[in-house]
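Residue-level structural notes
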Amino acid sequence: MEEKKYSIFHIEGGLGKHIAATAVARCIKNNYPDRELIIVCAYPQIFINLNYVSKVYRIGLTPYFYKNYIEDKDSLIFKHEPYFTTEHIHKKTKLIENWCKLFNLEYNDEQPELNFNPREIQKANNSWFSQKPIFVLQTNGGMHTQDSGLPYRWTRDMPFPIVQSIVNKYKDEYEILQVARQGSPIAVGATPIVQELTPMELLSILLKSDKRLLIDSSLQHAAAALNLPSTVLWVATSPKLFGYEIHDNIVVTIPGNQKLPDSYLFDYDFEGQVHDYPFENETIFDLDEIIKSLTKQGL
């Protein structure tokens, strides 16, 4: 009996990074098709339904892993952090391509993938039923249930005046589901989605959506994986690293005269330090440009 061979891919970080990592997982499998692909990660639900993945383990729940996959086994280990590479820090290469390059893989434009099983789809149909078309509005970057004590993280959150203006325009025509962190402001006329959801429950909102306005976070990665063109707003993160061509990416211009005394390898951290706020007010996006982009969706 031929001995099994393994590729072991370890992933840390948030939900959006895990969705992006599905493209890296596919690239590993494409480069080593004769090896079983084993995933160790924080969000195993993202990988369970992918048919090229053999097994998925949650970080910290890996009983007998060394004996099963490492000791005297033919296994390749893929466990490096792409965020702390020269290519990423200098914003030269997209996250997925750079991650594959870090593993010395031949990258052939693999893209994120998401698969929902029939029961997950049925639950989505029941959970997100509406008499109106559904408009998904993710206003806050980072996992939506995470509470940092900051209702507004300026580096990754949508300015609230923009949020309320968008809701005012579309609330009569659409059921607007606003995905937000606990403690963040909810627009009048929107239905807040701030309760605890499993990752697949959260992402299943997109399956029922007719229009999408997102910030750089998990749902923009998921929308790309599901081939759903969306309007994505970018403040202090960059579509050059984290974005997808399928989306209409609207990037704010940040004035270039900040001193950034606390910044080390990156200009702005995800928490959005208050003293680093570079703008004179909250009018940092052109509302007409956003509406024009939203109008194109579905045409």
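Scroll up to find the structure.
Overview of the structure. (Residues numbered from 1 in each chain as written. Predicted model: local features only at pLDDT ≥ 70, side-chain atom pairs only at ≥ 80, totals over all residues. Heavy atoms only, no water.)

Now for the overall build of the chain. Scanning the chain from terminus to terminus reveals 11 helices and 10 strands. The C-alpha radius of gyration of the chain comes to 20 Å, within 12% of the 19 Å expected for a compact globule of 299 residues. Projected onto its principal axes, the C-alpha coordinates of the chain cover approximately 65 × 50 × 35 Å. Each of the 299 residues in the chain was classed as buried or not, and the buried ones make up 50%. A sequence separation of at least 24 residues applies to 66% of the contacts in the chain between residues at least 6 apart. Just so you have it, the chain exposes about 14700 Å², and 50% of that area is on carbon and sulfur atoms. (Helix = DSSP H or I, 4+ residues; strand = E, 2+ residues; numbered from the N terminus. Rg over C-alpha atoms; globule rule 2.2 N^0.38 Å. Buried < 20%, exposed > 50% of the residue type's maximum accessible area, 1.4 Å probe, protein only. Contact = heavy atoms within 4.5 Å. Areas by Shrake-Rupley, 256 points an atom, 1.4 Å probe, with all protein chains shown as cover.)

The four strands lie next to each other as β3-β2-β1-β4, forming an open sheet whose pairing is parallel. Looking at the sheet topology across the chains shown, the edges are occupied by β3 (55-58) and β4 (74-78). If you compare each strand with its neighbour and ignore which way they point, the axes differ by 20° on average. Lying on the sheet, helix α1 (residues 15-31) is in contact with β1 (5-10), β2 (36-41) and β4; it crosses β2 at an angle near 155°. (Pairing = 2+ DSSP bridges. Axes fitted to C-alpha atoms, helices over the stretch in contact; angles between N-to-C directions.)

This structure, assessed with the given rule, holds 12 salt bridges. A salt bridge links lysine 101 to glutamate 87, with the shortest nitrogen-to-oxygen separation between them at 3.3 Å. Here glutamate 87 lies in helix α4 (residues 86-89) and lysine 101 lies in helix α5 (residues 95-102), a separation of 14 residues in the sequence. (Salt bridge = Lys/Arg side-chain N within 4 Å of Asp/Glu carboxyl O.)

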